Amino acid sequence: MSARNQEIEVKNLTINGQALQAEDGTVILEAARSIGIFIPHYCYHPKLSIAGCCRMCLVEIQGQPKLQPACRTPVEEGMIVSTDSSKAIRAQRAQLEFLLLNHPIDCPICDQAGECGLQDFYMMEFGQHKSRFAKEEKIKRPKAVAIGPHIVFDAERCILCTRCIRFCIEIAKQPEIGTKNRGNHSQITTFPGQQLDNPYSINTVDICPVGALTSKDFRFKIRPWFLYSTPSVCPGCANGCNIFICINKKHYVNLQRAQIYRLKPKENPEVNDCWLCDEGRLSYKLVNENRVLQPHIRQDGQLVLVSWERAINEIKNRVQKILTEYGPQRIGALASSKATNEANYLFKKFAHEVLETPNLDFLKGLTGYGDDFLIREDKTPNTRGAIDLEIGPGAGGIGAAEMLSPANPLKGLWIMGAEPTESYDNEQVNEALASLELLIIQTSNFTASCQWAHIILPSATFAEVDGTFINYKGRVQRVFKAMQPRPESLANEVILGRVARAMGYDWQEHTPAEIMRQIAAEIPRYHGLDYEKIGDKGIQT
Amino acid sequence: MEKLLTKNIHLPDSHKIETYRATGGYKALAKALGEYSPEDIIDIVKRSGLRGRGGAGFPAGVKWSFMPKGTERPKYLICNADEGEPGTFKDRVILEKDPHQLLEGIIIASYAIGAQQAYLYIRGEFNLAIQRCEAAIREAYEHNFLGQNIMGKYYSLDILLPIGAGAYICGEETSLMESIEGKKGWPRIRPPFPANRGLFGCPTTINNVETLANVPHIIERGVEWYTSIGTDKNHGPKLYCVSGPVKRPGVYELPMGTPLPEIIFDHAGGLFEGRQLKGVIPGGSSTPILRPDEIQVNMDFDSLAKAGTMLGSAGIIVLDHTMCIVRSTLILANFYHHESCGQCTPCREGTGWLENILHHIEEGHGRPGDTDLLIEICDNIMGNAICPLGDAAAMAIGPAVKKYRDEFDYHLTNKQCLPETRK
Amino acid sequence: MAMVVKDNNGQGFLEKIYIPEIIRGLLVTSRHFFKNLFNIKQVPTIYYPEERTEVKWGLSPRWRGRHRLTRKDDGMPRCTACMLCATACPSHCIYIEPTESADPAVEKYPAVFMIDELRCVFCGLCVEACPCDAIRMDSGIYSLTEYSRANFLYEKDVLMATERGYKD
Amino acid sequence: MILDALIILIKLALVLGMIMNLAGLLTWAERKQSALMQDRIGPNRANIFGFTFYGLLHPIADGIKLITKEDFIPARANKAIHSLAPAVAMFPALVTYAVIPFGDILRVGGREINLQVADLSVGIIFIFSIASLAIYGVMLGGWSSHNNYSLLGGLRAAAQMISYEIAMGLSIVGLLMIYGTVELDDLVRQQGYLIGGWLPQWGIVVQPAAFFLFLCAAIAENKRTPFDLPEGESEIIGYFLEYSGMRFGMFFLAEFADIVVASALLTTLFFGGWQIPFLMADGFHLPGGFSLALPHLLVVVLQVAAFGLKVVFFCWFLLLVRWTLPRFRYDQLMRLGWKYLFPLTLANIFITGLIVLALA
């Protein structure tokens, strides 16, 4: 710390009569924020370059004749700033009035209402509730224009803060949008023949302070004040971007079920700053759609819905039958890089203790497009975790590739949370699965392999469990339970515990936190870790 | 007074290098390169008290001295020939009639600040000027006043001639740089100032045409001679543009500090017969208007500042009693609305709003309180915008409303113009 | 400012022992009793349903009847699905599903607008919250009768078909 | 012998019929009366061929409704006691009436028929002992429902009834001291005497304070407004929360029967029972010396009618009280019972004792 102090000069200044210290180069806006003084701003974004064009953050600096933009002015020794002088307040009021001149006041329709910067200040101290500009004279501009596969643009609501433009240039590195025209006819537009279709395009919706850019996926679905946010980790790829899961509050009229409406990036400078790719952002859909909601058992070639008791009983009988008839060598167990560490750890224990088989491995899942920013080629969130937990064939056991080849010696196979056809050749997998005597699939969604399954157990998704993921860099990050699992579905570790107990093993019911402590005790790499230490920002191992 | 800047303009082929050299042209350059070091020149210009003729009146020598020394980054000089201010047409005379005078100034200034590359950013509408400047630059290259090792000295300079695309805002120095860089002409926010991070992020000095045209004369004749012209702190000759209902509108070269009535009534010949003076905009459309009882001022930076207005680009616009002040203001508001770049909020929205209100008043749909609203909007724009365009609009409209409030109120109550101004 | 405690137990001995006051009260009620006993016609009660308030006296414009959704000139709902009514509703009886409109000037409208009249407490906050005057309680319908609970979920079509229930 | 039994049966039928009919009518009267007091119309819907009889058919409709409604017993309730409780509540109201004389001795064909179901020598003490059993109905009803709210309601009711029973019992001690008897027919007969030759020696005359105390306690004992905390119909959950159908109806009816009993007691103790002022066994004897001889049978009929009218008046009066006064808070109720009524009754006994001593 002391070494740092020597490098970075510290400046003393006063904001609104409060003395504070700020590192050299800090802008007034950030310095004020650090002592809890909020300076209104639209164009300023801490992760983008500074435009200083909205002029909302004008503050009075003693000795300077003109007001200065707080987002742009670095702190200086002895500076005396006031953000609440009559001059500054008057300027801010004036800017707000200017911004609202040609901005439609139709918050009821606007999708941003509830999280809109303009609305916030309009209702706050700066609001001039009586407009001095006739509504009919507002400049008409294109509305609801789809400027990209995920983005709808409303030029009337735009206040030309240019955050989106700067984002595309500086973060997404794909300049696809710019401004056209002059004066109050200025508007954001895509470059001719281009679309706002970079892989990070929905971030522009997040950073848009008003309702000009809206996400096609989220647009009009629900009002943001009906949403609860829970921190979590994106399951879309191995990068492990921090997210907020936004689910709705329960509504009574049609007893609408809790569901995820959107994922928003959560700031974590070590992983994703405050960005999230479009692919990851839309990956929540698997939680809402095509869910397995009850245990299924195949009877006479048909999958029928059964109770948990019935399903576990069936598993017990059939697994024991295979174990006694063929021996543990003829049964296989496949974990998943989509499952949490807790589930994988328990699955490993389950395979060793209950199935007594050395045939243990995990499925790697899909691979796809990757780049050098946030998107990884590995499309599963926890490959590193599965590797670190040493999930792999034991002595004399076979690996996933062998298990899923038609030539496998297996009679039974237990797959948890994975889809083999994603990683291996379709035909080979189908042939291999079709030949099995017992295929148990623990899954949250119906997948291609379910057609071969003899027993399907509904498991919870990442949004419905507590646990940890380890990203490709080895950062352990917590996944928080955002909502209750869909009725009848259970967390993977709970399912495994129930089956183990039903089969006569003395397994305690452990919370994910307790399982994590067991992992930490067993795997040297994670020694000493627990949920408290991991915290909500994760920890690098 | 002896004509300096305009001494050649009446000669035939005054734009040719031969004419210019025949009247003693490029001697100053030789003197500068031969006798003075760059620091000497900056010192001379500083002592001469040459103030920027673009409008702000910042001492040119001081500006040059801001250029960082010993940096490895290239330095640039830009000559701002984007003369777009309504009522101003002084640079055009130099560009069209005597481009070599300007080129000589550019070369000396570049030498002084150590620039190896200069830009002459010229307004796109100045067709003749562009042709003549291009020709002049070619001639200068041919005579080794430009290019490698100028006049055999260890100094090289290239001049490029970027042409503006018709935006008034590109007369603002930072948006001019953006324009040269090939971007949309949006002013940059300062700091950093161009002297540190200007064109392409390098140290840049930007000067007006008239300022640079003054430089050769200072070098040639010396500081004492130069400071003897004009008033205290405002030295040298000045080009005044007079337009409006005067008998002889045009560009007049007079010493700094010539009284305004003298320019209008003596040099420009006074108003048309039967017209009474209603007001004078002394320094181009962006400067606050003066009522007839206020025109007893000397036309220099300090006197006009004292009178509550600005010398600006010395574009004197005369208004007579047949001109409706609302309409005149509306025309200006329309101009600023049209030319606002749309980057920062107060200017983008404020100029449009001003025009909107003035339009209503002019059309007879004004509402009571509109005059106060106009003044309030001007106050809100003033000083809050990124670049001076917003301030210019506010200064052009706010004082006009304040000073001619009775006429605005007449429009509001009677829904029409004053009888004498009706068309 | 000190709080002033007002003694509501009566002033003076006679009030404090209650009995004279009780007798006074009894006299008031018995006066009404005998007055009405011999002249039952003067009682202002309305014989509902043979007589109806709205017919006899007219409903007050402030009367909160069953909700209705107002329409624009083109017959589309005025509602923009802003969900302010659902937000304001203390009994959570309004469910709205917005959807995108083909007309960019409209942008969105309710695909589903459902009011559970069994949950509704007729407080009128939805009407106050509505910025578009899209929901009103001036249908004049105060007698809600259905044969099943499910029928009390009034949907958009029913709510929009309802007209204003009384004249000014 | 058979004739004696027959006479007793007739008396029983007469008394029970009177109570039950009056209680039934009171359900109508309560609604109609409250309506009139509040400028309303009251029940007027039930009709036969369009004739509503001023809503008199409503008690019948109510009876049919209550009997045909679902008789709900909570799943975890004590079924036997739950079923028994309404009967236990109803029983004391009916039995109390046995000792109340509704007329003087009727002489028919040489037989002397006492117009009283049972002429017990313990009279008034019997009444109090039976009336105190009513608490059991309430308590059992509240407890057996297996519902916290009804249990609390039951406890509340028990506390209230016990508290006021003391005041009620003590309030008439003064009366007993003056008349020197606990037999009710004797008590009524004594009230026929005149003080100073013109003022009937009614309870209200000799014991005015006791009348108010007894009235108060009796209303509280009946759980009527302003002391209706145990029930509190629409606001407070009472002991019969889990009752429905006719079992609820029996609680309800017991309450109205209690009103009739209270009215009869008030009449008997303080308003001369079947006595009509100046009407002796052979006719009217006014103070001025004027007398009118009447046949014995007419005198008896007049006396029975007078008793009936007095009871009906008190029923009306109790309903009037109910719809006039607001309810007490529970602490106020307890304070009134223990801190005002109870000491006042003691003081009344003391003063009466002094006066009796002085006069003797």
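A quick note: this is a predicted structure, and the numbers were derived from the prediction, not measured.

**Student:** What's the story with the overall build of chain B in this structure? I'm lost.
**Tutor:** Of the regular secondary structure elements, chain B holds 17 helices and 10 strands. In terms of C-alpha radius of gyration, chain B reaches 22 Å, essentially the compact-globule figure of 22 Å for 423 residues. Taken over the C-alpha atoms alone, chain B extends approximately 70 × 45 × 35 Å along its principal axes. Counting across all 423 residues of chain B, residues that qualify as buried make up 64%. Put simply, 70% of the contacts in chain B that link residues at least 6 apart link residues at least 24 apart. With an accessible surface of roughly 15400 Å², chain B has 52% of that area assigned to carbon and sulfur atoms. Side chains of chain B carry 44 positive and 51 negative charges; the gap between the two charge centres is 1 Å.

**Student:** Where do I start with the nonpolar core in this structure?
**Tutor:** Side chains of nonpolar character tend, in soluble globular proteins, to be buried together. Tyr42, Leu118, Phe167, Ile245 and Ile260 of chain A together with Tyr336 and Phe408 of chain B are the most contacted members of the largest nonpolar core, which has 122 residues in total. Per-element tally for this core: the top contributor is helix α16 (residues 388–403) of chain B, with eight residues. When neighbours within four sequence positions are excluded, Tyr42 of chain A is seen to be in contact with Cys54, Met56, Leu96, Leu99, Gly117, Leu118, Phe121, Ile159, Cys161, Arg163 and Pro209 of chain A.

**Student:** Explain the interface of chain A and chain B here, please?
**Tutor:** Reports of interface size often rely on the accessible area that becomes lost once the parts have come together. Listed per partner, the contact involves 33 residues of chain A and 36 residues of chain B. Together chain A and chain B conceal approximately 2800 Å² of surface at their shared face, both sides included; 49% is due to carbon and sulfur atoms. Its largest share of buried area at the contact with chain B, chain A owes to Phe98, Arg132 and Arg182 of chain A, together 26% of the area lost on that side. A salt bridge links Arg90 of chain A to Asp379 of chain B; its shortest N-O distance comes to 3.9 Å. Here chain A is connected to chain B by 16 residue pairs in polar contact (both at pLDDT 80 or more). Where the side of chain A that touches chain B is concerned, the elements lending two or more residues are α3 (86–101) and β8 (177–180) of chain A. A total of eight residues in the side of chain A that touches chain B trace back to one element, the largest contributor, which is α3 of chain A. Classifying every residue of the side of chain A that touches chain B gives 14 nonpolar, 10 polar and nine charged.

**Student:** When you look at the confidence of the model for chain B in this model, what are you seeing that I'm missing?
**Tutor:** Low-confidence regions, as indicated by low pLDDT, have predicted coordinates that should not be scrutinised in detail. Summarising the model, chain B shows a mean pLDDT of 91, and 100% of its residues fall at 70 or more. Confidence, read as mean pLDDT per element, is least for strand β5 (residues 230–231) of chain B in chain B (86) and greatest for strand β2 (residues 117–122) of chain B (95).

**Student:** Hey, could you run me through helix α17 (residues 405–414) of chain B in this one?
**Tutor:** In an α-helix, one turn spans 3.6 residues, which is why side chains three or four residues apart end up on the same side. Residue and element names in this part refer to chain B. Of the residues making up α17, those classed as buried are Glu407, Phe408, His411 and Leu412. Seen from one end, α17 has its buried residues packed into an arc of 145°, which puts them on one side. For α17, the exposed residues set more than 90 degrees away from the buried face come down to Asp406 and Thr413. Phi turns positive, to about 55°, at Lys415, one or two residues after α17.

**Student:** Explain the sheet that holds strand β3 (residues 108–116) of chain C to me, please; I cannot follow it from the model alone.
**Tutor:** Adjacent strands of a sheet form backbone hydrogen bonds with each other and so pair up, either parallel or antiparallel. All names here are of chain C. The strand order across the open sheet built from three strands is β2-β3-β5, with neighbouring strands paired in antiparallel fashion. The outermost strands of the open sheet, each flanked by one partner alone, are β2 (94–100) and β5 (153–154). Relative to β3, β2 runs antiparallel, the two sharing seven bridges. Of the residues in β3, the one forming a bridge with Glu97 is Val112.

**Student:** For this particular structure, what's the right way to read the sheet that holds strand β5 (residues 79–82) of chain A?
**Tutor:** Residues and elements named next belong to chain A. Strand order in the open sheet made by the five strands is β2-β1-β5-β3-β4, with mixed pairing throughout. A strand with exactly one partner marks an edge of an open sheet, and here the two such strands are β2 (18–23) and β4 (68–69). Note that strand β1 (residues 10–15) and β5 share three bridges and pair parallel. In the sheet register, Leu13 faces β5, and the bridge partner there is Met79. Packed on one face of the sheet, α3 meets β3 (58–61) and β5 and runs near 165° to β3.

**Student:** What's the story with the layout of surface pockets in this structure? I'm lost.
**Tutor:** In this approach a probe as big as a water molecule rolls over the atoms, and the regions it shows empty are the leftover space. What the second largest pocket holds in volume is close to 1400 Å³. In terms of lining, the second largest pocket is formed by 36 residues, of which the most central are Ile17, Tyr18, Ile19 and Ile22 of chain C together with Leu336 of chain D. Looking at the lining of the second largest pocket, the elements with two or more residues in it are α1 (12–16) and α2 (19–38) of chain C together with α10 (208–221), α12 (296–322) and α13 (330–359) of chain D. If you tally residues by element for the lining of the second largest pocket, the top one is α2 of chain C, at eight residues.

**Student:** Honestly, the confidence of the model for chain C in this entry has me stumped. Any pointers?
**Tutor:** In the predicted model, chain C carries a mean pLDDT of 86, and the fraction of residues at 70 or more is 94%. Among the prediction metrics, the complex's ipTM stands at 0.73, with pTM recorded as 0.78.

**Student:** When you look at helix α3 (residues 79–96) of chain D in this model, what are you seeing that I'm missing?
**Tutor:** Residues and elements named next belong to chain D. Compared with an ideal rise of 1.5 Å per residue, which puts 18 residues at 26 Å, α3 spans 27 Å between its outermost C-alpha atoms and is within 8% of the ideal. When the local axis directions of α3 are compared, the greatest deviation, roughly 30°, occurs at Ala85, which is followed within four positions by the proline Pro86. The inward-facing, buried residues of α3 abut α1 (2–37), α4 (124–131), α5 (134–144) and α11 (245–270).

**Student:** What exactly am I supposed to notice about the pairing of β5 of chain A here?
**Tutor:** Successive side chains on a regular strand alternate, one facing one side of the sheet and the next facing the other. As paired strands, β3 of chain A and β5 of chain A are joined by two bridges and run antiparallel to one another. Residue pairing in the sheet places Ile61 of chain A in a bridge with Val81 of chain A of β5 of chain A.

**Student:** Would you mind showing me how to read a nonpolar patch on the surface here?
**Tutor:** On the surface, Phe13, Leu14, Ile17, Tyr18, Ile19, Ile23 and Leu27 of chain C together with Phe212 of chain D cluster together to form a nonpolar patch covering roughly 790 Å² of accessible area. Those elements that provide at least two residues to the nonpolar patch are α1 and α2 of chain C. Here the nonpolar patch gets three residues from one element, more than from any other, and that element is α2 of chain C. Structurally, Phe13 of chain C is set in helix α1. Using a relative accessible area of 63% as the deciding quantity, one classes Phe13 of chain C as exposed.

**Student:** How should I be thinking about the domain arrangement of chain B in this particular structure?
**Tutor:** Residues and elements named next belong to chain B. One can read the domain layout of chain B as domain 1 (17–229), domain 2 (239–320) and domain 3 (325–421). With 18 residues of domain 1 in contact, the opposing surface of domain 2 contributes 20 residues. With a closest N to O distance of 3.4 Å, Arg51 and Asp302 form a salt bridge. For the pair domain 1 and domain 2, the interface holds seven residue pairs in polar contact (both at pLDDT 80 or more). Ranked by residues supplied to the side of domain 1 that touches domain 2, first place goes to helix α5 (residues 90–97) with three residues. Grouping the amino acids of the side of domain 1 that touches domain 2 by side-chain chemistry returns seven nonpolar, six polar and five charged.

**Student:** What's the story with the arrangement of the chains in this structure? I'm lost.
**Tutor:** A comparison of contact numbers over the three pairs of chains in contact places chains A and B at the top. A minimum C-alpha distance of 23 Å separates chain B and chain C, which share no contact. Between chain A and chain D there is no contact, and the shortest C-alpha to C-alpha distance separating them is 28 Å.

**Student:** Where do I start with the interface of chain A and chain C in this structure?
**Tutor:** In this assembly, 18 residues from chain A lie in contact with 21 residues from chain C. Between chain A and chain C lies a buried interface of about 1800 Å² when both sides are counted; carbon and sulfur atoms form 64% of it. On inspection of chain A and its partner chain C, the count reaches four salt bridges. Classifying every residue of the side of chain A that touches chain C gives eight nonpolar, three polar and seven charged.

**Student:** Sorry if this is basic, but what is going on with the pattern of salt bridges here?
**Tutor:** Residues and elements named next belong to chain A. Summed over the entire model, instances satisfying the criterion amount to 68 salt bridges over all chains. One salt bridge in this structure joins Asp106 and Arg157, with 2.9 Å as the shortest N-O distance. Taken together, the residues Asp106 in the loop between α3 and α4 (117–123) and Arg157 in the loop between β7 (151–153) and α5 (163–170) connect sequence positions 51 residues apart. Each of the two residues, Asp106 as well as Arg157, counts as buried.

What counts, and at which threshold
Residues numbered from 1 in each chain as written. Chains lettered and ligands numbered in written order. Predicted model: local features only at pLDDT ≥ 70, side-chain atom pairs only at ≥ 80, totals over all residues. Heavy atoms only, no water. Helix = DSSP H or I, 4+ residues; strand = E, 2+ residues; numbered from the N terminus. Rg over C-alpha atoms; globule rule 2.2 N^0.38 Å. Buried < 20%, exposed > 50% of the residue type's maximum accessible area, 1.4 Å probe, protein only. Contact = heavy atoms within 4.5 Å. Areas by Shrake-Rupley, 256 points an atom, 1.4 Å probe, with all protein chains shown as cover. Lys, Arg positive; Asp, Glu negative; His and termini not counted. Charge placed at Lys NZ, Arg CZ, Asp CG, Glu CD. Core = buried A, V, L, I, M, F, W, Y, C linked by side-chain atoms within 4.5 Å. Buried area = accessible area lost by both parts, 1.4 Å probe. Salt bridge = Lys/Arg side-chain N within 4 Å of Asp/Glu carboxyl O. Polar contact = N/O pair within 3.5 Å; in protein donor to acceptor, adjacent residues only side chain to side chain. Nonpolar A, V, L, I, M, F, W, Y, C, P; charged D, E, K, R; others polar. pLDDT = per-residue confidence, 0-100. Arc of directions from axis to C-beta. Pairing = 2+ DSSP bridges. Axes fitted to C-alpha atoms, helices over the stretch in contact; angles between N-to-C directions. 1 Å grid on protein atoms, 1.4 Å probe; cavity = no way out; pocket = protein on both sides within 12 Å on 5 of 7 lines; lining within 4 Å. Points joined across faces, edges and corners; volume = space filled by probe spheres on them. Expected span 1.5 Å × (residues − 1). Bend = angle between axes of the 7 residues up to and from the residue. Patch = residues over 30% accessible without salt bridge, like charges linked within 9 Å, V, L, I, M, F, W, Y side chains within 5 Å. Domains from an automatic or database assignment.

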